[in-house]
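These are the residues of each chain, in order.
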Amino acid sequence: MTRVQQFEEADKLLLAMLKKNPNDPELLRRRLRVLVGQKKYKEAIQLGNKLIDRSYGRNEFYVVEVLAKAYLGADQKVEAKKLVERYLSRNEIGFANMRESKKALEELKQKAI
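Residues numbered from 1 in each chain as written. Predicted model: local features only at pLDDT ≥ 70, side-chain atom pairs only at ≥ 80, totals over all residues. Heavy atoms only, no water.

Enquirer: Before we move on, can you summarise the overall build of the protein chain with the specific residues and values?
Expert: When you go through the protein chain residue by residue, the secondary structure sums to six helices and zero strands. Going from the N terminus to the C terminus, the protein chain shows its helices and strands as α-α-α-α-α-α. A compact globule built from 113 residues should have a C-alpha radius of gyration of about 13 Å, and the protein chain, at 14 Å, falls within 12% of that. Projecting the C-alpha coordinates of the protein chain onto the three principal axes gives extents of approximately 35 × 25 × 25 Å. Within the protein chain, buried positions represent 38% of all 113 residues. Once the 25 positive and 16 negative side-chain charges of the protein chain are each reduced to a mean point, those two points are 2 Å apart. (Helix = DSSP H or I, 4+ residues; strand = E, 2+ residues; numbered from the N terminus. Rg over C-alpha atoms; globule rule 2.2 N^0.38 Å. Buried < 20%, exposed > 50% of the residue type's maximum accessible area, 1.4 Å probe, protein only. Lys, Arg positive; Asp, Glu negative; His and termini not counted. Charge placed at Lys NZ, Arg CZ, Asp CG, Glu CD.)

Enquirer: Please provide a residue-by-residue account of the side chain of aspartate 11, values included.
Expert: Note that aspartate 11 resides in helix α1 (residues 3–20). For aspartate 11, a relative accessible area of 6% translates into the label buried. Excluding residues that lie within four positions of it along the chain, aspartate 11 makes contacts with Arg31, Val34, Gln38 and Lys40. (Contact = heavy atoms within 4.5 Å.)

Enquirer: Please provide a residue-by-residue account of unusual backbone geometry, values included.
Expert: Residue lysine 39 is not a glycine yet carries a positive backbone phi of 65°. Within the secondary structure layout, lysine 39 lies in the loop between α2 (25–37) and α3 (41–54). For aspartate 75, which is not glycine, the phi torsion reads 60° and is therefore positive. With respect to the secondary-structure elements, aspartate 75 resides in the loop between α4 (58–73) and α5 (77–88).

Enquirer: Now, about α2: what can you tell me, with residues and values included?
Expert: A rise of 1.5 Å per residue sets the reference length of α2, with its 13 residues, at 18 Å; its end C-alpha atoms lie 18 Å apart and thus fit the reference within 8%. Two to three positions downstream of the cap, the backbone nitrogen of glutamate 26 sits 2.9 Å from a side-chain oxygen, assigning the N-cap of α2 to aspartate 24. Just downstream of α2, lysine 39 is the residue with a positive phi angle, here 65°. (Expected span 1.5 Å × (residues − 1). Polar contact = N/O pair within 3.5 Å; in protein donor to acceptor, adjacent residues only side chain to side chain.)

Enquirer: Go over the packing of α4 against helix α6 (residues 99–112) with me, naming the residues and quoting the values.
Expert: Close contact between α4 and α6 brings their axes to 10 Å; oriented N to C, the two are set at 20°. Between α4 and α6, the interaxial angle falls into the category roughly parallel. You can see that α4 and α6 cross each other, and the crossing is left-handed. When α4 is examined against α6, the residues Arg58, Phe61, Val64, Glu65, Ala68, Lys69 and Leu72 are found in contact with a partner set consisting of Ser101, Ala104, Leu105, Leu108, Lys111 and Ala112. (Axes fitted to C-alpha atoms, helices over the stretch in contact; angles between N-to-C directions. Parallel < 35°, antiparallel > 145°, perpendicular 65-115°, else oblique. Left-handed = near helix turned anticlockwise from the far one by under 90°.)

Enquirer: I'd like a rundown of the packing of aromatic side chains, residues and numbers included.
Expert: Enumeration according to the criterion identifies one aromatic pair in this entry. An angle of 90° between the planes, with centres 5.3 Å apart, marks the rings of phenylalanine 61 and tyrosine 87 as edge-to-face. Separated by 26 residues along the polypeptide, phenylalanine 61 in helix α4 and tyrosine 87 in helix α5 bring together distant segments of the chain. Classification of phenylalanine 61 as buried rests on a relative accessible area of 1%. On the basis of relative accessibility, which here comes to 3%, the residue tyrosine 87 falls in the buried class. (Phe/Tyr/Trp six-rings, centres within 6.5 Å; stacked < 30°, edge-to-face > 60°.)

In short, geometric facts, not functional conclusions.
Written out as structure tokens, the structure reads:
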């Protein structure tokens, strides 16, 4: 099975699960990642912006990472950079459990320049 087929299959499964639990934040975050993997950036950007408000802590930063990738994929570098900079300036980014997120966001910021 190719990577594209895997993302298509994952999206089908997620959509079926979301019919039963349409507001499940974990399912929605997984779908966000799948949409980016499918290069459905416009849809990913819409979902990602909704999910930021529904997420907190580490999950919020996870959404930001994936959303920034969607912005970059859609060639919206300015939006990606603003988003990443906003989250890199937050106090939580310095916490020990956020090291990987900080590194990922710094890498995304470089791609947005």
